[in-house]
Structure formats: structure tokens, C-alpha cells
Amino acid sequence: MLSKGALDCPGYIAVGKAEQMALLGRMTAEVFSRPKRGDRCIAAGWLIGQEGRKYRVGTAVYAEDGMVLARALSVWIALKN
């Protein structure tokens, strides 16, 4: 089973603001294939761009053989200090 957390959590890490809280604004995802219970997967997140406190982030979940199982584009908003 592929949970939403597999796509949004790597996005938060990609924002790179461990000392600052951020909230998920919007996420658009595609699921191509679901892993079977016990399958090993790789989750990745990367920063696409930033406009002030708004971060655009890409995430993906890969099967052990490198096949893309799911991908998403997200917008994260860093909270004001």
C-alpha cells in the first residue's frame, strides 16, 4: 500500500527548513502502481523553486528496481517566525 505520507513527507524535507515549520498547501499526485506489502521502496523529494515563503517541491516513490510508482508536485508554505 502507498500512503500519502510517502509523497508529502519527502517534500517537507526538501524544503530544507528544519528550524522553521511549514504547512502543505496543495499536492497533486499520480499513482502508477502500488507496491505489495513487504516490497522495498525509495522515497525522494527535491526543491523545484521558491517564491518568498512558498516552496514548490517534487516527490516520487520508486520501486527497488527504479520504476516510478508515484509522483507528486506540492506547494509548501513556511510559517512566519
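Residues numbered from 1 in each chain as written. Predicted model: local features only at pLDDT ≥ 70, side-chain atom pairs only at ≥ 80, totals over all residues. Heavy atoms only, no water.

1. Looking at the overall build of the chain
Phase 1: When its secondary structure is counted, the chain shows 1 helix and 4 strands.
Phase 2: From first element to last, N terminus to C terminus, the chain shows the α and β order α-β-β-β-β.
Phase 3: Principal axes of the C-alpha set define a box for the chain whose edges measure 40 × 20 × 15 Å.
Phase 4: A buried classification covers 28% of the 81 residues belonging to the chain.
Phase 5: The contacts in the chain between residues at least 6 apart in sequence include a share of 55% that link residues at least 24 apart.
Phase 6: For the chain, the accessible area works out to roughly 5,600 Å², and carbon and sulfur atoms hold 54% of it.
Phase 7: Charge separation in the chain, taken as the distance between the mean sites of 12 positive and 7 negative side-chain charges, equals 8 Å. (Helix = DSSP H or I, 4+ residues; strand = E, 2+ residues; numbered from the N terminus. Buried < 20%, exposed > 50% of the residue type's maximum accessible area, 1.4 Å probe, protein only. Contact = heavy atoms within 4.5 Å. Areas by Shrake-Rupley, 256 points an atom, 1.4 Å probe, with all protein chains shown as cover. Lys, Arg positive; Asp, Glu negative; His and termini not counted. Charge placed at Lys NZ, Arg CZ, Asp CG, Glu CD.)

2. Side note on the environment of L23
Phase 1: As for its position among the elements, L23 is in strand β1 (residues 22-31).
Phase 2: When neighbours within four sequence positions are excluded, L23 is seen to be in contact with V75, W76, I77 and L79.

3. Describing the pairing of strand β3 (residues 54-63)
Side chains on a regular strand alternate between the two faces of the sheet.
Phase 1: Most of β3 sits out of view: 7 of its 10 residues are buried.
Phase 2: When strand β2 (residues 41-51) meets β3, the two strands line up antiparallel, connected through 10 bridges. The residue of β3 that forms the bridge with G45 is T59.
Phase 3: Following β2, the chain reverses through 2 residues before pairing antiparallel with β3; G52 in that reversal takes a positive phi of roughly 60°.
Phase 4: Alignment of β3 against strand β4 (residues 68-78), held across 9 bridges, turns out to be antiparallel. Opposite A60, over in β4, you have R71 as the bridge partner.
Phase 5: What sits between the antiparallel neighbours β3 and β4 is a turn of 4 residues, in which G66 has the positive phi angle 95°. (Pairing = 2+ DSSP bridges.)

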